[in-house]
Amino acid sequence: MIILAVDSSSKVATVALMKDDKLLGEITLNDKKEHSIILMSIIQELLNNNNLSIDDINGYVISKGPGSFTGLRIGMATIKGLSLGSNKPYVSVSSLDALAFSVSNFDGIICPIMDALRNSVYTSLYKGEYTCNANTDSNLPIKLERLLDYSALDIDELIEIIKSKNKKVIFIGDGVDKYKDYLIDNCPNSYFPPNHLNLIRASSLGEIGSILLKNGECDDPNSAPVYLKKSQAEREYEQRMRL
């Protein structure tokens, strides 16, 4: 099975090709270019470099968020179009799951944080090295157990939740760039991965998504991204309506 995985939930655009359990290639750009302009060209470049065409793809994986409202819509529309046009299934995976998967061997709490502005982060909590039987209803790989549902939290609220766990914690994601010093000062037993792991990788999405696709799972074409927060336009509109 050949899988094409895409993430555009942040300023990063990342695309990966996987064949069964092997990563064929990955392109990750972290230069704030518009996803609508570069995403298809990255996909085509990766296909060309592997002597493949879109007809060779057996399934697609896309990030469902949380993250950038515009980026998520562009990525989801791109993969839905490719999926419908080729009559091949697609599945969506949380960007937080993909971040946590990159450090799934950490012996403690895994806490992905994505900057959600206004002193808040998109986040969840995970336990690594989780083993489960084949009948589990979890859609995560066997190395992860989710301890907290996907959330948009004030950074201080998140710190209090983590302190209550009384365990060491590793923070990962673009929120680390903004809050690392604050977390070091206010959250005991904090750990941080190498900087390159703070970028969501399409290969992590692809590895999670390939498990779902191989199990026969796929998304409904009408499925929507998971935003967790209202857009700025929605907040401003509601504020005007209250005046």
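Residues numbered from 1 in each chain as written. Predicted model: local features only at pLDDT ≥ 70, side-chain atom pairs only at ≥ 80, totals over all residues. Heavy atoms only, no water.

On to the sheet that holds strand E2 (residues 13-19), then. Spatial ordering of the open sheet is given by E3-E2-E1-E4-E5, a layout of five strands whose pairing is mixed. Where the open sheet ends on each side, the last strands, each with one partner, are strand E3 (22-29) and strand E5 (90-94). Each neighbouring strand pair of the sheet contributes to a mean axis angle of 20 degrees, computed without reference to strand direction. Relative to E5, strand E4 (residues 59-65) runs parallel, the two sharing five bridges. Opposite Ser-63, over in E5, you have Val-93 as the bridge partner. The strands that helix H1 (residues 35-49) touches are strand E1 (2-7), E2 and E3; relative to E2, the one it contacts most, it runs at about 25 degrees. Relative to E5, helix H6 (residues 202-214) is tilted by about 125 degrees, and along the sheet it contacts E1, E2, E3, E4 and E5. (Pairing = 2+ DSSP bridges. Helix = DSSP H or I, 4+ residues; strand = E, 2+ residues; numbered from the N terminus. Axes fitted to C-alpha atoms, helices over the stretch in contact; angles between N-to-C directions. Contact = heavy atoms within 4.5 Å.)

Moving on, we come to the packing of aromatic side chains. Scanning the model with the defined rule gives three aromatic pairs in all. Considering the side-chain rings of Phe-106 and Tyr-191, the 5.7 Å spacing of their centres and the 55 degrees angle between planes classify their relative orientation as tilted. Within this pair, whereas Phe-106 is found in the loop between helix H3 (95-101) and strand E6 (109-115), its partner Tyr-191 is found in strand E10 (residues 190-191), the two being separated by 85 residues in sequence. Of the residues examined, Tyr-191 reaches a relative accessible area of 39% and is grouped as partly exposed. Ring geometry for Phe-171 against Phe-192: centres 5.9 Å apart, planes inclined by 25 degrees, an arrangement best described as stacked. (Phe/Tyr/Trp six-rings, centres within 6.5 Å; stacked < 30°, edge-to-face > 60°. Buried < 20%, exposed > 50% of the residue type's maximum accessible area, 1.4 Å probe, protein only.)

In this section: the sheet that holds strand E7 (residues 120-128). Here we have five strands laid out as an open sheet, ordered E8-E7-E6-E9-E10, and mixed in their pairing. Only two strands of the sheet have a single partner each, and these edge strands are strand E8 (144-154) and E10. Of the pairings in the sheet, the one linking strand E9 (residues 169-172) to E10 comprises two bridges and is parallel in character. Looking across to E10, one finds that Val-169 is bridged to Ser-190.

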